[in-house]
Amino acid sequence: MKSHSATPYLFIFPTMAVIALIFAYPICEIFRLSLIVPGSAKISFSNFQFIFSDSVFWTSLKHNLSLLILVPIILVLALIIGIFLYERVKGWLFHRSMVFLPYVMPIAVMGITFSYLYQYNGLLNNFLRSVGLGQFALNWLGNQNLVLPTIMTVIIWQQTGFGVILFLARLLSLPVEVTEAATVDGVNWFQRNLYIILPQLKSIIIFFTVNEAISMLTWVFSYVYVISAGGPGFSSYVLELYLWQAAFSLRSPGVASAIAVFLLLAAVILVILSFRYIGREEDAL
Amino acid sequence: MNSTPLDLKHQSRKRQFGSFLGKIITHIILWSSSLLALFPIYFMISASFKSRANFLANPIGLPLPPQLISYGLAFARGPVLRWFLNSSIITVGTLLISVFFSCLAAYAIAKMQFFGKNSMLKLLIALMILPPVVLIVPLFILMTNIHLINTYWSAIIMYLGILLPFSIYLLSSFFRTISDELIEAAYIDGCTTFQILWKIMVPLSINAILTLVVVNMVWVWNELIIALVFLQSDEVRTIMGGLTLLKGRYFVNEPMVLAAGTIAALPMILVYLFGQRYLVRGLTAGSIK
Amino acid sequence: MHLQLKRLLVISLLFLVIISAVNSQSQAASPKVKLTYWWWAEGDAPGADKWMLETAKLYNKLHPNVTIEVVPQSTDTFIASFQTAAQAKSGPDIACQWATIPVLSQAWAGAIVPISDYIPKTELKHWLNLDENLYGGKIWGGSLYMIGVPLVYNKALFKKAGLNPEKPPITWDEFLDYCAKLKKAGIIPIGGGTKGDSNLGPWMFSVLNMQYLDSPNDILKLLTGEADFSNPKYGDWYNKFYELCNKGYYNDDIASLDWGQGVDLFSRGKVAFEWATDGNILQYAKDIGPENIGLTRTPTIANAKGKLKNCYNTTQSTSQMITSWCKDKKVAANFLMFMHSPERMNAWYLQTMTIPADDRFNQKLITDPIMKHIYALNTSSKNVWMENYIPTQLDTNGYRPAGQIITSGSGKPADVYEILERTLKLWRMGKPDELARFKGWLGRD
């Protein structure tokens, strides 16, 4: 198509304006803000010194990293459900709808709902006690060691559906011949799934894994804020919450920006590494 | 690219796990998943139709007969309707502008040549992965200084920034599939570029656009942290922000909070029931390269 | 005919001209003033919003050129909202913040002006607890009402445990004894919830640590690092708090309930004791019957030897401030004075049942026996609310999580001291300007 020199630029201008404001400006600013302290014009690393000497920062980072354990769990669950949905037994469309519903529910709403369910004398524990499993009625939200795993279950509840949809869509788009061939050759169900179907899903598994990993590190604020606000103590703090506290409770834009710089660099490194890994995998294929 | 045939009701295929045991296991797994997925939502909705006394006495069972008192209390407790309206305004505003801007940019990327086109595409992909929490502090300070804080615009601009990369990526890959000949013909007929976009590209891509609308709608409506930071006054607060307030400091009423939660979640449930197809397509399209 | 008409026209025109002249004349005489008031009090004193809207209306009747636009704020965000407005130096003309540190921070930031500059001493001397906002010899925020934090108990549950409902515990050891007896009778002694943004940790700091201090200024040594938690003056109260938790005197789900749910336990008659605000008490009276409401002060700890030991815990809670960008500061001050007029203060009491912060308040209006008791407690002695005197960081990132750790059984006082020390160290490092301000403020005399 003939290109008029001005038109394309006109068409991308609104988008670039928004991107400049929403991305370029803040990214430069967080670097600048993180290097200054109130009352002095010189560059100073004290904001970074602050966060690195704060045990809550390391605790938060540890928690974010421990959230990564969810990625294989959600992956496996989503694969299992996806594969069973692929069987297309009676009612599979209904099940698919139900499994995906949690993903569109607002976290704010479900966080509150789950926190009522998980209270020490709440629904779950009362149920366990009534069927004689009282010893399993633990203090899900009130015990420092349990609160983060409890929040994890909510994340699993929501995110699994996303994976199911992805994998199922891929499976349904597979050419029928591939799977038919396996049946004919007398391969049993497990072997079929493991050795024939699963490899077909490789690229989408990688996409899902990277997506979820990044979410675990940078997109879990809502869950924590609504369910536990980081407590008890600091046992469910995550980096986003730590940033939030630094910005609005400690009211130090310098410290908050230092955390933002850290998160940004971490995300960038993660993505570069994963692209390199994906690149290598695809080269190998 | 977006032709994954998900509604394969008519495709009959020999089921592999045909044995009776296999079927039982399949049903068990699927039913367990569905029930686990549904239960918290059921709990919330059923509790919202109980009075507090009923809720404490009977937390799990069905609300028979259903009572509306908790909804009444929710509306009395805070300007729930106002919050709901604010969420709607922000969502619709963001959608309209993002679709408009995305169509423009996607058209340019898909069908035009210009300097920096490839870099722009790479930039957009990179931005899709950037964690938005990183952007909040400087933008909060900026918006405060230019007095945009506590206005709809502050949130709308934020959401635009976050949604545009994905939207443009999706639309441009779809626009690319529209034949060049069609566009050339229209151009020769004397259409301006804008008219081509409006009269040809958009109608042909209506499915992709609808998909975009549904995915973005769900994202904006459910969003929390940006809404909390930029929309702090009751006049502009969203329903999600309002919910965190209702959880209240001084007195508690669980069914009331869950009633407000049901109100907040209702649009998403409705969008899901009617727009499931688009939602699924939209989310899967981004991944299948 | 025509002449008549012409004359009529001329007269009406003249009439119109005169009217508009008079109108603009009166406008020039008293220009229109509109004040925006970011108001919060409903959470402390239900009925406050209605009172305020009426007050604004009444003032407008008296001064037709002044309109007060009342904008009720929400509890969880009115601090942050004002801080945002202060940064932009625009927004409300009058606003509310929690007393002392939140008010003084704004003074230090230049966002507000001292009300003592605009309200005469003769008037201010009637307002109670103003020293909560005293800095540099000026008063920076005005008080409106008093909220106390008594220890409320359920008389019916006392009877059930064989305790005398008219004799609440006075000393800490008596308190422990009562709790033991209650627990034996199968009653949960104390109610509370510490999850999320609950304030229980800082509250216990306020009611217990106070007893070890001679004056609020004593906390400065802790803030500067001159003293630490190994000093019993600042650390021993945790042993008492820990004792309550360790002996199981709190409800077993305290760590998984949020603040409101903890408050609610008393309403449902599930616990015998609860630390609550005056505002809560009235709701409790509705829930369990006024004849079952018992009120007492926080029991006194034997080895606490501070001069503040016998003080009560009442604070003005929120203060009214005039912003530095307000264009009509004198009018704003006049409005605040109007809020303190006898008729308005009496109306405040009748509508919200909380004590007005004005010594001209007509006590005879208090007929309700529970309110009488509350009034007696609030005016019985000097009042100090220690939470007002610590930096926000120590409150939300120190005493609050510390409270969660103690009540969830996840740590002992020694563990908590470590966390608090860390928070203080980081505060000193991250906010040296705030530290300097604190020194200047609390280090006087």
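1. Some details on the side chain of Thr423(C)
Position of Thr423(C) relative to the elements: it lies in helix H17 (residues 413-430). In this structure Thr423(C) touches Gln393(C), Leu394(C), Asn397(C) and Gly398(C), once residues within four positions along its chain are discounted.

2. As for the sheet that holds strand E7 (residues 145-148) of chain C
Pairing between the strands of a sheet is mediated by backbone hydrogen bonds and can be parallel or antiparallel. Residue and element names in this part refer to chain C. Spatially, three strands are ordered E12-E7-E14 in an open sheet, and the strand pairing comes out antiparallel. In the strand order of this sheet, the two ends are held by strand E12 (314-315) and strand E14 (355-356), each with one partner. Sheet topology places E7 next to E12; two bridges connect them, and they run antiparallel. Across the sheet, the residue bridging to Gly148 is Thr314, located in E12.

3. Brief notes about helix H11 (residues 202-218) of chain A
In a regular helix each residue adds 1.5 Å, so 17 residues correspond to 24 Å; H11(A) covers 24 Å between its end C-alpha atoms and thus fits that length. All of the buried residues along H11(A) are Ile204(A), Ile205(A), Ile206(A), Phe208(A), Glu212(A), Ala213(A), Ile214(A), Ser215(A), Met216(A), Leu217(A) and Thr218(A).

4. Considerations on the interface of chain B and chain C
Where interface size is given, it is often the accessible area lost as the parts come together that is meant. Listed per partner, the contact involves 20 residues of chain B and 28 residues of chain C. A combined buried area of about 2,100 Å² lies between chain B and chain C, and 51% of that area is made up of carbon and sulfur atoms. The tally of links from chain B across to chain C stands at one salt bridge. Notably, a salt bridge pairs Arg52(B) with Asp264(C), separated by 2.9 Å at the nearest N-O pair. Remark: the boundary between chain B and chain C carries four residue pairs in polar contact (both at pLDDT 80 or more). Mapped onto the side of chain B that touches chain C, the elements with two or more residues apiece are helix H2 (52-57), helix H6 (136-145) and helix H12 (239-246) of chain B. The element contributing the most residues to the side of chain B that touches chain C is H6(B), with three residues. Residue composition of the side of chain B that touches chain C, grouped by class: seven nonpolar, six polar and seven charged.

5. Remarks on the nonpolar core
Core analysis: the biggest nonpolar cluster contains 311 residues, and Phe273(C) and Trp275(C) have the highest contact counts within it. By size, the runner-up hydrophobic cluster in this structure holds 42 residues, among which are Trp51(C), Ile322(C), Ala333(C) and Met339(C).

6. Describing the packing of helix H4 (residues 80-111) of chain B against helix H10 (residues 206-222) of chain B
Residue and element names in this part refer to chain B. At their nearest, the axes of H4 and H10 sit 10 Å apart, and the two run at 140 degrees to each other. The orientation of H4 with respect to H10, classified from their angle, is oblique. The way H4 lies across H10 gives a crossing that is right-handed. Every residue of H10 that contacts H4 at Phe84, Ser87, Ser88, Ile90, Thr91, Thr94, Leu95, Ser98, Val99, Ser102 and Cys103 is listed here: Ile209, Leu212, Val213, Asn216, Met217, Val220 and Trp221. Tallied by class, the residues present in the contact of H4 with H10 amount to 11 nonpolar, seven polar and no charged.

7. What about the packing of aromatic side chains?
Enumeration according to the criterion identifies 73 aromatic pairs over all chains in this entry. The interplanar angle of 75 degrees and the centroid separation of 5.2 Å between the aromatic rings of Phe114(A) and Trp157(A) together place this pair among those described as edge-to-face. Of the two residues, Phe114(A) is situated in helix H6 (residues 107-117) and Trp157(A) in helix H8 (residues 147-172); the sequence distance between them amounts to 43 residues. Summarising the burial analysis for this pair, Phe114(A) and Trp157(A) share the class buried. Taking 6.1 Å as the distance between ring centres and 50 degrees as the angle between the ring planes, the aromatic pair formed by Phe43(B) and Phe55(B) counts as tilted.

8. Looking at the packing of helix H10 (residues 232-246) of chain C against helix H16 (residues 392-407) of chain C
Residues and elements named next belong to chain C. The contact between H10 and H16 brings their axes to 9 Å, and the two run at 40 degrees. When the axes of H10 and H16 are compared, the pair comes out oblique. Side by side, H10 and H16 meet where Trp237, Tyr238, Phe241, Tyr242 and Cys245 of the first sit next to Tyr399, Ala402, Gly403, Ile406 and Thr407 of the second. Residue classes in the contact of H10 with H16 are distributed as eight nonpolar, two polar and no charged.

9. Describing the interface of chain A and chain B
Across the boundary between the two partners, chain A contributes 91 residues, which contact 100 residues of chain B. Together, the buried faces of chain A and chain B total about 9,100 Å²; carbon and sulfur atoms form 80% of this surface. Between chain A and chain B we count zero salt bridges in total. Across the chain A-chain B interface, the total number found is eight residue pairs in polar contact (both at pLDDT 80 or more). It is helix H1 (residues 7-34) of chain A that provides the largest number of residues to the side of chain A that touches chain B, a total of 19 residues. Within the side of chain A that touches chain B, the residues separate by chemical class into 69 nonpolar, 13 polar and nine charged.

10. Focus on the domain arrangement of chain C
All names here are of chain C. Along its sequence, chain C is organised into domain 1 (35-147 + 315-378) and domain 2 (150-312 + 385-442). Placing a centre on the C-alpha atoms of domain 1 and another on those of domain 2 gives a separation of 27 Å. Counting from both sides, the interface comprises 21 residues of domain 1 and, opposite them, 23 residues of domain 2. Counting each side, the surface lost to burial between domain 1 and domain 2 is near 1,900 Å², with a carbon and sulfur contribution of 67%. On the domain 1 side of the contact with domain 2, Trp108, Ile370 and Leu377 bury the most area, a combined 32% of that side's loss. Seen at the junction of domain 1 and domain 2, the total is zero salt bridges. If you look at where domain 1 meets domain 2, you find seven residue pairs in polar contact (both at pLDDT 80 or more). Among the elements that make up the side of domain 1 that touches domain 2, the one with the highest residue count is helix H15 (residues 369-379) (six residues).

11. Observations regarding the domain arrangement of chain B
Residues and elements named next belong to chain B. Each domain of chain B was delimited in the assignment, giving domain 1 (5-48) and domain 2 (80-285). When each unit is reduced to the centre of its C-alpha atoms, the spacing between domain 1 and domain 2 is 32 Å. Of the residues lining the interface, seven residues belong to domain 1; the matching set on domain 2 comes to nine residues. Across the interface of domain 1 and domain 2, roughly 610 Å² is buried in total on both sides, 79% from carbon and sulfur atoms. Joining domain 1 to domain 2, the criterion identifies zero residue pairs in polar contact (both at pLDDT 80 or more).

12. Observations concerning the sheet that holds strand E10 (residues 271-275) of chain C
Residues and elements named next belong to chain C. Spatially, the four strands line up as an open sheet ordered E9-E10-E8-E11, and their pairing is mixed. On the outer flanks of this sheet lie strand E9 (188-190) and strand E11 (293-296), each paired with one strand and no other. Mean inter-strand twist for the sheet, computed between neighbouring axes without regard to direction, equals 20 degrees. The sheet contact formed by strand E8 (residues 151-154) and E11 spans four bridges and is antiparallel. Looking across to E11, one finds that Val152 is bridged to Leu295.

13. Some details on the confidence of the model for chain B
All names here are of chain B. Scored by pLDDT, chain B has a mean of 84; 91% of the residues are at 70 or more. When mean pLDDT is compared element by element in chain B, H4 scores highest at 93, while helix H9 (residues 193-204) scores lowest at 82. Under a pLDDT of 50 for its full length, residues 6-14 has, in the predicted model, 17 contacts with residues more than four places off or in other chains.

14. A short note on unusual backbone geometry
Residue Gly231(A) is joined to Pro232(A) through a cis peptide bond whose omega torsion reads -5 degrees. The peptide bond linking Leu64(B) to Pro65(B) adopts the cis configuration, its omega dihedral lying at -5 degrees. Its place among the elements puts Pro65(B) in the loop between H2 and helix H3 (69-77). Phi at Ser317(C) takes a positive value of approximately 65 degrees, unusual for a residue other than glycine. Mapping Ser317(C) onto the fold places it in the loop between E12 and strand E13 (318-323).

15. Looking at helix H5 (residues 117-129) of chain B
For H5(B), the complete set of buried residues consists of Lys117(B), Met120(B), Leu121(B), Leu124(B) and Leu127(B). Take H5(B) and look down its axis: the buried residues cluster within an arc of 125 degrees, on one side only. Projecting away from the buried face of H5(B) at angles above 90 degrees are the exposed residues Asn118(B) and Lys122(B). Along its buried surface, H5(B) packs onto H1 of chain A together with H4 and helix H7 (152-175) of chain B.

16. A word on the pattern of salt bridges
Applying the stated rule across the entire model yields 16 salt bridges over all chains. A salt bridge links Glu69(C) to Lys34(C); the shortest N-O distance between them is 2.9 Å. Placement of the pair is Glu69(C) in strand E2 (residues 66-72) and Lys34(C) in strand E1 (residues 33-39), with a sequence separation of 35 residues. The salt bridge involving Arg268(C) is made with Asp264(C); its shortest N-O contact spans 3.0 Å. Note on Asp264(C): relative accessible area 5%, which makes it buried. Residues joined by salt bridges that share partners form a network here, namely Arg52(B), Glu254(B), Asp264(C) and Arg268(C).

Basis of the calculations
Residues numbered from 1 in each chain as written. Chains lettered and ligands numbered in written order. Predicted model: local features only at pLDDT ≥ 70, side-chain atom pairs only at ≥ 80, totals over all residues. Heavy atoms only, no water. Helix = DSSP H or I, 4+ residues; strand = E, 2+ residues; numbered from the N terminus. Contact = heavy atoms within 4.5 Å. Pairing = 2+ DSSP bridges. Expected span 1.5 Å × (residues − 1). Buried < 20%, exposed > 50% of the residue type's maximum accessible area, 1.4 Å probe, protein only. Buried area = accessible area lost by both parts, 1.4 Å probe. Salt bridge = Lys/Arg side-chain N within 4 Å of Asp/Glu carboxyl O. Polar contact = N/O pair within 3.5 Å; in protein donor to acceptor, adjacent residues only side chain to side chain. Nonpolar A, V, L, I, M, F, W, Y, C, P; charged D, E, K, R; others polar. Core = buried A, V, L, I, M, F, W, Y, C linked by side-chain atoms within 4.5 Å. Axes fitted to C-alpha atoms, helices over the stretch in contact; angles between N-to-C directions. Parallel < 35°, antiparallel > 145°, perpendicular 65-115°, else oblique. Left-handed = near helix turned anticlockwise from the far one by under 90°. Phe/Tyr/Trp six-rings, centres within 6.5 Å; stacked < 30°, edge-to-face > 60°. Domains from an automatic or database assignment. pLDDT = per-residue confidence, 0-100. Arc of directions from axis to C-beta.

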